[in-house]
Amino acid sequence: MTCKETEKLIPAFLQDELDTEELREFMEHIEECGECREELTIQFLVTEGMARLEEGNVFDLQNELRYCMEEAGRVLKRRESMQWLLYGLEGLVAVAVITLIALLIFL
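Residues numbered from 1 in each chain as written. Predicted model: local features only at pLDDT ≥ 70, side-chain atom pairs only at ≥ 80, totals over all residues. Heavy atoms only, no water.

## Thoughts on the state of the cysteines
Per the counting criterion, the structure on display carries zero disulfides. Cys-36 takes part in no disulfide bond, and the closest cysteine sulfur to it belongs to Cys-3, at a distance of 3.6 Å. (Disulfide = S-S within 2.5 Å.)

Now the structure itself:
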């Protein structure tokens, strides 16, 4: 993923709207690219900071961004685990169908 693509996805990331593949590529790029990580930080601080100021809440945006990134990593791992589970289930269904067809043919 390029920096330009990553920067375009920052608002969707902040709104938790990325699909699994986009999230994986986004997270990988953010971990490697200091410039994009800085842009994410800026957009997060502006977006969340403005919302918090309007609400009148006390906040620590640096820790919240760190938590947001950690949570995105956990979400990504859960999604990927579920994807592998679905692949396994699809494989079992395929085996069951083939077995059923074989039984019907030979009966």
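Further notes follow.
## A few points about helix H2 (residues 20-32)
Residues three or four positions apart in an α-helix share a direction because the helix packs 3.6 residues into each turn. Here H2 contains 13 residues, and its C-alpha end-to-end distance of 19 Å stays within 8% of the 18 Å for a straight helix at 1.5 Å per residue. Buried residues of H2: Leu-23, Phe-26, Met-27, His-29 and Ile-30, and no others. Seen from one end, H2 has its buried residues packed into an arc of 165°, which puts them on one side. Exposed residues pointing more than 90 degrees away from the buried face of H2 are listed as Glu-31 and Glu-32. Along its buried surface, H2 packs onto helix H1 (3-14), helix H3 (34-55) and helix H4 (61-106). For H2, the N-terminal capping position is held by Asp-19, with its side-chain oxygen 3.2 Å away from the main-chain nitrogen of Glu-21. (Helix = DSSP H or I, 4+ residues; strand = E, 2+ residues; numbered from the N terminus. Expected span 1.5 Å × (residues − 1). Buried < 20%, exposed > 50% of the residue type's maximum accessible area, 1.4 Å probe, protein only. Arc of directions from axis to C-beta. Contact = heavy atoms within 4.5 Å. Polar contact = N/O pair within 3.5 Å; in protein donor to acceptor, adjacent residues only side chain to side chain.)

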